[in-house]
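# Survey of secondary and tertiary structure
Each chain, written out:
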Amino acid sequence: MASAWWKSSIGYMIYPESFKDSNGDGIGDLGGIISKLDYLHDLGVDLLWIGPLFDSPMDDNGYDVRDYGKINPLYGTMDDLKRLFSEAHARNMRVLLDFPINHTSDEHPWFQKALSDPSSKERGYYYFKKGKGENLPPNNWAGFFSTSAWEKAGEEYYLHIFTKKMPDLNWENPELRKEIYDIARFYLELGCDGFRLDAVTHLAKDLSFEDSEMKPDPNGLVLDTSKFSNRPRLYDYLSEFREEVFSHYDCLVVGEAGGCISPEESLKLVEKPGAPLNMVFNFDTVWNNGNFDSIKKKDEEIFTDVFALRRNFMRWYEVLNGKADMPLYWCNHDHPRVVSQYGSVAYRNESAKMLFLTLLFLYGTPFIYNGEEIGMSNANYGSLGDFKSDRGTMNSVEAYKKEGYDEETILHYLNRTSRVNARTPMQWDRSENVGFGSKPAINKVNPNYLEGVNVYDEMCDPYSILNFYQYAIALRKNPAYADAVEYGRLSYVDPNHPDVFSYLHEGGTKLMVISNFRPYTVYFTFYYEMKDVLLHNYDGVLLKDHVITLRPFESFLLVVR
Ligand code: NOJ
């Protein structure tokens, strides 16, 4: 079977509002993105995933769409988007649009019509249900953002698994599905190369709308993802979407697969040929350090579980390899920064390089998150108000306060886990506004831009994280190594090592990665012959009597025999 173009692509996610401002209003925009295409091209990136660009009241930073036919004026115009497509294509780069189709904004005309006219066809585009009684929602479901999944509107309640300003769309309704297909077609005709389908595994709901039987929280609510994740009808909806739209274009469709999808379940959605999607992002390798929901834990208890990481990457590889394509990523706009999560700010340079090398040569299409390539780390903000740009984070603050946590504890926890950490302005240089183009209006800049964590300083330093990324990507694209990664057999070396993540690809070339995930020295037994050290984040190899001494976060890419 011919390999699809995305199999050898290097992806890069851009979070538009924090990336680069071209018109001086303090918010990143399309002009800013276009002005950085050469930078991205030089880095070696050739597949951009751009966070949602549609018109939105920004209750959830663009994931709440008010008008799919209009570009958010904060970001530019439809002409700017067309220019982005053509400028990207001129550099052999492709562009995926982030397409939220599980919900709209409550300000979308469909929802407004649904509210104002209960007999309208648009009422059927959403889930409206009667409450259980006086001021009681239809069931005990909680949404993802720490509230009930229902909001009262007139006589009835509507379903929203994210914020109350994001009513869920009713995918059982064929007219609604047709509307969505028309929008997708419009953007594919305009020149986009595919989509990242937001929250896609939640499209199908348990239409009985019965209570969850899981134990409710003190408010009587349960976040029971089985009620709205990976349900059987999902496959039907997405198959129809493929038949009606995607199959007519050479496009890449990546689904965001939350709600604990298993690799086996995902195969139904992505197995070649003819599956509805091309790949899914799973969440299994994002929180393998006990950091999720960890407000009760001390920092010392947050410890990378190398066993879990290895197991989770391998579970997916074993099921999908040869049958389906898959993406690789450490973090995106929904997670803390990876250097803070699995690396160490004290060893920024070493750990950022180690993490990238480890990910880049695994099986799959790697996605870098903007700023990762310069080792950007968590925001380290001083007050809860600094997180106000994210409704999800602020709802959790209210919930923790109700549970009795003091502000200091919550702040410490947010600095460790909140997704706002990933949304601070991209650090382009060491000037006052980090080369953002204006004073950033949404999130405060991380002051570490003055400590060399910025693109300009890293460009000037041959040993920087940025230059390592560029070199590593060039190696990953070298056909001799790309073949080993894409078609060689992947296995782990010393799969029981508590600290070292090491793997081997046996293709034409035998490629091995050895990575120490600890901020201290560890030892690794090695019975191969080193033919070549292709990439390394330290000087000199400390090998004696078949034992490698690995310094903090030391990592190699080797050709072995
Ligand atoms: C997933 C997106 O990545 C996240 O940022 C958003 O809040 C939810 N979906 C809801 O659209």
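Figured I'd write up the structure that's included with this text. Being a predicted model, the structure only gives us computed values, none of them experimental.

To continue, consider the environment of His160. Looking at the element boundaries, His160 is found in the loop between strand E8 (156-159) and helix H6 (174-190). Along the sequence, His160 and Trp150 sit 10 residues apart, while their C-alpha atoms lie 5.9 Å from each other. At 3.4 Å, the side chain of His160 and the backbone oxygen of Ser148 are in polar contact. In this structure the side chain of His160 is engaged in a polar contact, spanning 2.8 Å, whose partner is the backbone oxygen of Phe162.

The strand order across the open sheet built from three strands is E17-E20-E19, with neighbouring strands paired in antiparallel fashion. Looking at which strands have only one partner, the edges of the open sheet turn out to be strand E17 (522-525) and strand E19 (543-544). In terms of strand pairing, E17 meets strand E20 (residues 547-550) through four bridges, oriented antiparallel. Following the sheet pairing, Phe524 is matched in E20 by Ile548.

On to the side chain of Ser148. With respect to the helices and strands, the residue Ser148 is situated in the loop between strand E6 (128-129) and strand E7 (150-153). We classify Ser148 as buried; its relative accessible area is 16%.

It is worth spelling out the site of the ligand at this point. As a structural note, the neighbourhood of the ligand is formed by 13 residues, with Asp60, His103, Asp198, His333 and Asp334 the closest of them. Here Asp60 contributes a side-chain N or O atom positioned 2.5 Å from an oxygen atom of the ligand. Taking His333, its side chain carries an N or O atom lying 2.8 Å from an oxygen atom of the ligand. Across the shell around the ligand, the residue classes break down as four nonpolar, two polar and seven charged.

On inspection of all chains with the given rule, the structure shows 49 aromatic pairs. A ring pair is formed by Tyr400 and Tyr413, whose centres lie 5.4 Å apart and whose planes are at 85°; its orientation type is edge-to-face. Here Tyr400 is found in helix H12 (residues 391-402), whereas its partner Tyr413 is found in helix H13 (residues 407-417), with 13 residues between them in sequence. In this pair, the class of Tyr400 matches that of Tyr413, namely buried. Ring geometry for Tyr492 versus Phe501: centroids 5.5 Å apart, planes at 90°, classification edge-to-face. Just as Tyr492 is buried, Phe501 falls in that class too. Of note, Lys36 hangs over the ring of Trp428, and the distance from its end group to the ring centre comes to 4.1 Å.

Cut-offs used in this document
- Residues numbered from 1 in each chain as written.
- Predicted model: local features only at pLDDT ≥ 70, side-chain atom pairs only at ≥ 80, totals over all residues.
- Heavy atoms only, no water.
- Helix = DSSP H or I, 4+ residues; strand = E, 2+ residues; numbered from the N terminus.
- Polar contact = N/O pair within 3.5 Å; in protein donor to acceptor, adjacent residues only side chain to side chain.
- Pairing = 2+ DSSP bridges.
- Buried < 20%, exposed > 50% of the residue type's maximum accessible area, 1.4 Å probe, protein only.
- Near = heavy atom within 4 Å.
- Nonpolar A, V, L, I, M, F, W, Y, C, P; charged D, E, K, R; others polar.
- Phe/Tyr/Trp six-rings, centres within 6.5 Å; stacked < 30°, edge-to-face > 60°.
- Lys NZ or Arg CZ within 6 Å of the ring centre and 35° of its normal.

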